Amino acid sequence: MPKRVVVNASPMIALLGIGQEQLLCGLFDRVLLPQAVRDEIEAGQAKDDNVARLIHRLLAEAGEIV
């Protein structure tokens, strides 16, 4: 059975902050990122262009916006 997780903004922001967002892809088959969570992360990190790239990479590896 596939392992899936729905992420909230706080742990995602923490992982992005330490450059370890890929841990989710290593632990789970699918990482579900609600659109509201993505919006919150991007709003809080608006001055950091890397955040959008990191989210895109996460989604490309094992993620899905729900």
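Remember, predicted model here, so these are calculated numbers, not experimental data.

Definitions and cut-offs
Residues numbered from 1 in each chain as written. Predicted model: local features only at pLDDT ≥ 70, side-chain atom pairs only at ≥ 80, totals over all residues. Heavy atoms only, no water. Helix = DSSP H or I, 4+ residues; strand = E, 2+ residues; numbered from the N terminus. Buried < 20%, exposed > 50% of the residue type's maximum accessible area, 1.4 Å probe, protein only. Contact = heavy atoms within 4.5 Å. Core = buried A, V, L, I, M, F, W, Y, C linked by side-chain atoms within 4.5 Å.

*Asks:* An account of the overall build of the protein is requested, with residue identities and associated values reported.
*Replies:* Within the protein, the regular secondary structure consists of four helices and three strands. For the protein, the α and β elements follow one another from N to C terminus as β-α-α-β-α-α-β. Per-residue burial over the protein gives 33% buried out of 66 residues. Sequence-distant contacts, at least 24 apart, represent 75% of the contacts inside the protein between residues at least 6 apart.

*Asks:* Break down the environment of Val 37 for me, with residues and values.
*Replies:* Mapped onto the elements of the fold, Val 37 is located in helix H3 (residues 35–44). C-alpha separation for the pair Val 37 and Val 7, spaced 30 residues apart in sequence, amounts to 7.9 Å. Excluding anything up to four places from it in sequence, Val 37 contacts Val 7, Asn 8 and Ala 9.

*Asks:* Help me get a handle on the nonpolar core, residues and values and all.
*Replies:* Counting 16 residues, the largest nonpolar core has Val 7, Met 12, Leu 24, Val 31, Leu 33, Ile 41 and Leu 58 as its most contacted members. Secondary-structure elements contributing two or more residues to this core are helix H1 (9–17), helix H2 (23–27), strand E2 (30–33), H3 and helix H4 (49–62).

*Asks:* Explain the environment of Gln 20 to me, and be specific about the residues and the numbers.
*Replies:* Locating Gln 20 in the fold gives a position in the loop between H1 and H2. Under the relative-accessibility criterion, Gln 20 is labelled partly exposed at 29%.

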